[in-house]
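# Coordinate inspection notes
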Amino acid sequence: MLRPSRAERSLVSQILVLALALFGGLALALALIFGGAFREHAQARTGAEIQTIAASAVQLLSDGLAERRREISVMVQSPTLWREGLDSAGVVALLGRARAVSPNSLWIGVADLQGVIVASTDGLLQGQSVAARPWFRHGLAGPYLGDVHPAVLLEPYLPSPASGDPLRFLDLAAPIQIDGRTVGVLATHLSWDWARQVSERVLPSDAAARGIELLIFDKAGALLYASGGRTAALRAAGQRLRTRPAAAAQPPMPWTERWMDNQEYLATLAPAGAGSPVAEIGWQVVVRAHSGKSFEPARNVLVVAGAAGLATALVLSIAAWFGARRLGSDLAMLTHAANRIEAGHAEVRIPPASSSKEVLGLSRALSRMTQRLIESQADLERQVAARTAELEAANAELAKQARRDPLTGLLNRRGFEPKAQLLFDLALRGGRPLCACMVDADHFKAVNDTHGHAVGDQVLKRIASCLQSRMRRTDLLARWGGEEFVLLLPDTSLEAAGELAEGLRLAIGASTTGAVGRVTVSIGLAQIAPTDRTLQALVERADLALYRAKDMGRNQVSSLAALL
Ligand SMILES: Nc1nc2c(ncn2[C@@H]2O[C@H](COP(=O)(O)OP(=O)(O)OP(=O)(O)O)[C@@H](O)[C@H]2O)c(=O)[nH]1
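All values reported here derive from a predicted model rather than from experimental measurement. (Residues numbered from 1 in each chain as written. Predicted model: local features only at pLDDT ≥ 70, side-chain atom pairs only at ≥ 80, totals over all residues. Heavy atoms only, no water.)

## Section: the pairing of strand S11 (residues 284–290)
Quick note on the threshold: When a residue's accessible area, from a 1.4 Å probe over protein chains only, is under 20% of the maximum for its type it is buried; when over 50% it is exposed; and in between it is partly exposed. In this description a helix means any DSSP run of H or I spanning at least four residues, a strand means any run of E spanning at least two, and both kinds are numbered starting from the N terminus. Here, strands pair whenever DSSP counts at least two bridges between them.
When you tally the buried positions in S11, you get 7 out of 7 residues, the bulk of the element. Residues Gln-284, Val-286, Arg-288 and His-290 line one face of S11 and the alternating positions Val-285, Val-287 and Ala-289 line the opposite face, and both faces are buried. As paired strands, strand S7 (residues 212–217) and S11 are joined by 6 bridges and run antiparallel to one another. In the strand pairing of S11, Glu-213 is matched with Arg-288. Here strand S10 (residues 264–270) runs beside S11; their pairing, made up of 6 bridges, is antiparallel. Following the sheet pairing, Tyr-265 is matched in S11 by His-290.

Below is the structure:
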């Protein structure tokens with residue numbers, strides 16, 4: 001299908017499309033710009049927040065471990081107590097007090113040099129051998145901090161952690177020495193549920209809703225703890241600490257990464273200060289924020305801004321559409337009026353358009369111009385009518401002059417012939433008499449030669465006047481040419497014509513013209529014959545009779561009938 005050209009599309013649709021594209025594009029661009037800025041701001045804020053959380057967690061974990069270490073260190077450096085025996089009542093009381101101070105220390109016990117538990121909190125494992133346990137072996141040599149491990153011997157005796165995770169311990173141990181001689185090993189099994197408590201202290205209350213998690217990995221990258229009770233699930237899924245793009249930066253900057261669950265997170269790794277127990281054990285404390293949940297407000301702002309922008313664009317477009325429709329309706333009205341005027345309805349007026357000042361100005365200008373054109377046209381038509389009338393009068397005058405002899409005012413030959421033809425046809429058809437009479441001045445050349453041409457003209461005018469005064473209304477008189485005249489006498493017999501001709505001859509011959517005196521005329525007469533086919537035949541016979549009169553001495557009437 002062919003696309004309509006711009007000239008074929010209405011003003012309203014063009015303005016509507018333009019407004020929608022303009023306002024809609026602007027709204028989307030603004031929503032994207034502001035949404036992007038808001039997201040960046042939210043990302044920076046969340047990044048700073050998770051850095052603080054991670055740093056706090058590292059601090060709490062370090063402090064906790066250092067505290068436990070100090071407790072063990074203080075306890076083993078009490079030779080007076082140990083001299084009483086590794087399983088003395090004083091030792092047992094000390095162990096109980098130590099656990100009361102540190103509720104996460106689920107078990108505190110003393111092993112003799114053979115690895116047999118000789119004293120412990122609640123008497124648990126007493127008499128059992130721990131010689132194979134790493135804490136014992138390392139603890140004989142010096143202070144020991146072991147990584148998180150599942151409960152082995154104690155599990156049946158202790159309650160499961162509140163988190164629901166399996167019971168796991170952190171082992172701290174130190175050699176008991178008297179006078180520089182090792183006599184046993186003091187050990188504390190710290191519940192790993194302690195990590196949950198730390199996590200709950202540092203994470204905000206809405207962490208789960210915002211998708212913020214605290215993860216603790218061991219030095220090999222294996223997951224030790226995940227907040228929100230997700231440790232078991234994530235460990236089962238094989239979650240490990242993956243790449244850390246910004247880990248080299250000091251302090252590590254938050255980075256965005258797609259994790260094992262294929263979700264995008266903003267994550268940060270808290271640095272553990274050199275010498276801190278956390279650095280020593282190699283834990284890596286990560287706090288990650290789920291991009292989708294964390295930046296949901298930013299996305300909501302983007303959606304709301306976009307929707308509000310589009311709604312505004314729609315409202316503006318509708319307003320533009322209304323404006324364009326008013327303008328379009330005014331233009332259509334002007335076009336309609338112009339078309340009617342063009343079709344000849346001069347009474348139509350260009351109506352005033354009210355959609356805008358400019359269109360009102362245009363309609364008024366068009367109205368004035370149209371009025372001016374209509375008036376000009378009427379004026380032109382009047383002028384044309386006047387010129388036409390003048391021209392017709394001139395043409396009529398010309399036609400008249402073409403049929404009249406300017407000297408005598410009589411019909412000339414051209415004016416004579418159609419009228420004579422009519423009389424001839426009527427006479428021939430009606431079988432009525434018709435006579436032609438040719439009148440010619442005698443010796444007229446001599447008049448001209450003697451008195452001049454102007455005087456000759458006066459003579460001709462006098463003859464014409466004389467002829468005209470004596471003819472009837474139904475007779476037809478014309479100047480045939482030069483000094484010759486023709487008379488057509490309807491319903492006139494040859495005798496009557498002869499009498500008329502004689503009277504004319506006498507009257508002309510009796511009159512005088514100034515110094516010229518008398519000028520006579522010769523007259524030839526002929527009557528229509530039934531055999532005549534043309535007017536010319538009749539006139540020629542009259543002319544013949546005229547020549548005869550001239551031949552016979554002039555100043556006389558000659559009738560053709562007499563010749564036949
Ligand atoms: N003044 C004047 N002279 C005219 C006019 N028309 C013709 N004539 C003159 O009329 C004269 C006619 O001369 P001709 O034909 O010899 O005839 P005529 O002298 O009358 O001789 P006849 O007819 O034989 O008697 C010429 O001298 C023409 O110049 C006119 O309108 N005015």
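Moving on, there is more to tell.
## Considering the nonpolar core
Operational definition: The term nonpolar core refers to a set of buried residues drawn from Ala, Val, Leu, Ile, Met, Phe, Trp, Tyr and Cys, joined through side-chain atoms within 4.5 Å. Just so you know, the domain bounds were taken from an automatic or database domain assignment. The contact rule is simple, with two residues in contact once any of their heavy atoms fall within 4.5 Å.
Within the largest apolar cluster, 54 residues are counted, with the highest numbers of intra-cluster contacts made by Val-110, Leu-170, Leu-186, Trp-192, Trp-194, Ile-216 and Trp-283. Of the residues forming this core, the biggest block, 11 residues, is contributed by helix H1 (residues 11–76). In this structure, this core is formed jointly by two domains, domain 1 (77–195) and domain 2 (206–294), each of which donates at least three residues. Apart from residues lying up to four places away in sequence, Ile-216 is in contact with Leu-61, Trp-192, Ala-195, Ala-222, Leu-223, Leu-224, Tyr-225, Trp-283, Gln-284 and Val-285. The next biggest cluster of nonpolar side chains, apart from the first, holds 29 residues, and it includes Leu-410, Phe-444, Leu-477 and Val-521.

## Notes on empty space enclosed by the protein
To be explicit about the condition: Using protein atoms alone on a 1 Å grid, points that fit a 1.4 Å probe yet trap it form a cavity, whereas open point sets bounded by protein on both sides within 12 Å along at least five of seven lines form a pocket; residues with an atom within 4 Å of a point count as lining. Grid points are joined across faces, edges and corners, and a volume is the space filled by probe spheres set on the points. Any residue outside Ala, Val, Leu, Ile, Met, Phe, Trp, Tyr, Cys, Pro, Asp, Glu, Lys and Arg is labelled polar, Gly included; the first ten of those are nonpolar and the last four are charged.
Evaluation of the coordinates by the stated rule reveals 3 cavities of 30 Å³ or more. The computed volume of the largest cavity comes to approximately 80 Å³. What lines the largest cavity is Leu-125, Val-130, Arg-133, Trp-135, His-149, Val-152, Leu-153, Leu-154, Phe-169 and His-189. In the lining of the largest cavity, the residues fall into 7 nonpolar, 2 polar and 1 charged.

## Points about the sheet that holds strand S18 (residues 557–559)
Quick reminder of the rule: Here the axes come from fitting lines to C-alpha atoms, over the contacting stretch only for helices, and the angles between their N-to-C directions go from 0 to 180 degrees.
The strand order S13-S14-S12-S17-S18 describes an open sheet built from 5 strands, whose pairing is mixed. At either end of the open sheet lies a strand with only one pairing partner, and these are strand S13 (476–481) and S18. Taking the axes of each pair of neighbouring strands and ignoring which way they run, one obtains an average angle of 20° across the sheet. Of the strand pairs in this sheet, strand S12 (residues 434–441) and strand S14 (residues 484–490) are connected by 7 bridges, and their pairing is antiparallel. Across the sheet, Cys-435 pairs through a bridge with Leu-489, a residue of S14. Sheet strands in contact with helix H12 (residues 413–430) are S12, S13 and S14, and its direction is about 135° off that of S13. Together, S12, S13, S14 and strand S17 (521–527) form the strand contacts of helix H14 (residues 453–470), whose direction differs from that of S14 by roughly 5°.

## Notes on the layout of surface pockets
By volume, the largest pocket is sized at about 370 Å³. Along the wall of the largest pocket there are 20 residues; nearest its centre are Ala-208, Ile-212, Glu-213, Ser-227 and Gly-228. For the lining of the largest pocket, the elements supplying multiple residues, two or more each, are helix H5 (193–202), helix H6 (207–210) and S7. Here the lining of the largest pocket gets 3 residues from one element, more than from any other, and that element is H5.

## Digging into the site of the ligand
Basically, it comes down to this: Nearness is defined per residue: one heavy atom within 4 Å of the molecule or strand is enough. Counting of polar contacts relies on pairs of N or O atoms within 3.5 Å, with two restrictions inside protein: one atom must be capable of donating a hydrogen and the other of accepting it, and residues adjacent in sequence are counted only when both atoms are side-chain atoms. Using a 1.4 Å probe, the Shrake-Rupley method yields the accessible areas, and only the shown protein chains count as cover for residues.
Around the ligand there are 16 residues in total, and Phe-444, Asn-448, Asp-457, Arg-479 and Arg-554 lie nearest to it. Residue Asp-440 places a side-chain N or O atom 3.4 Å away from an oxygen atom belonging to the ligand. One of the backbone nitrogen or oxygen atoms of Ala-441 is found 3.3 Å away from an oxygen atom of the ligand. For the ligand, the accessible surface in isolation is 660 Å², of which the surrounding protein chains cover 68%. Of all the secondary-structure elements, those providing two or more residues to the shell around the ligand are S12, helix H13 (444–451) and H14.

## Some remarks on the packing of H14 against helix H15 (residues 494–510)
Put simply, the rule reads: Angular relationships are summarised with four words: roughly parallel below 35 degrees, roughly antiparallel beyond 145, roughly perpendicular across 65 to 115, and oblique for the angles in between. By the definition used in this description, the sense in which the near helix is turned from the far one sets the handedness, with an anticlockwise turn below a right angle giving left-handed and a clockwise turn giving right-handed.
H15 packs onto H14 with a crossing angle of 140° between their chain directions and a minimal axis gap of 10 Å. Overall, the two elements H14 and H15 adopt an arrangement that is oblique. By crossing handedness, the relation of H14 to H15 is classed as right-handed. Residue-level contacts link Arg-462, Ile-463, Cys-466, Leu-467 and Arg-470 of H14 to Leu-500, Gly-503, Leu-504, Ala-507 and Ile-508 of H15.

## Structural notes on a positive patch on the surface
This is how it is decided: Candidates for patches are residues over 30% relative accessible area with no salt bridge; among them, like charges are joined within 9 Å and nonpolar side chains (Val, Leu, Ile, Met, Phe, Trp, Tyr) within 5 Å. For this document, the term salt bridge refers to a Lys or Arg side-chain nitrogen within 4 Å of an Asp or Glu carboxyl oxygen. Only four residue types enter the charge count: Lys and Arg as positive, Asp and Glu as negative, with His and the chain ends excluded. Think of each charge as sitting on NZ of Lys, CZ of Arg, CG of Asp or CD of Glu.
Together, Lys-400, Arg-403, Arg-404 and Lys-419 make up a positively charged patch on the protein surface. With respect to the helices, strands and loops of the structure, Lys-400 is situated in helix H11 (residues 357–403). Given a relative accessible area of 44%, Lys-400 falls into the partly exposed group.

## Quick look at the pattern of salt bridges
Once the charged atoms of two side chains with opposite charge are near each other, the side chains can pair. Inspection of every chain in the model, using the stated rule, returns 21 salt bridges. The partner of Asp-379 in a salt bridge is Arg-382, and the shortest N-O contact between them spans 3.4 Å. Highlighted residues: Asp-379 and Arg-382, both in helix H11, separated by 3 residues, approximately one helical turn. Since its relative accessible area comes to 53%, Arg-382 is described here as exposed. Of the charged contacts in the structure, one is a salt bridge between Lys-445 and Asp-449, with a shortest N-O distance of 2.9 Å. You can see Lys-445 and its partner Asp-449 sitting in helix H13, 4 residues apart, about one turn around the helix.

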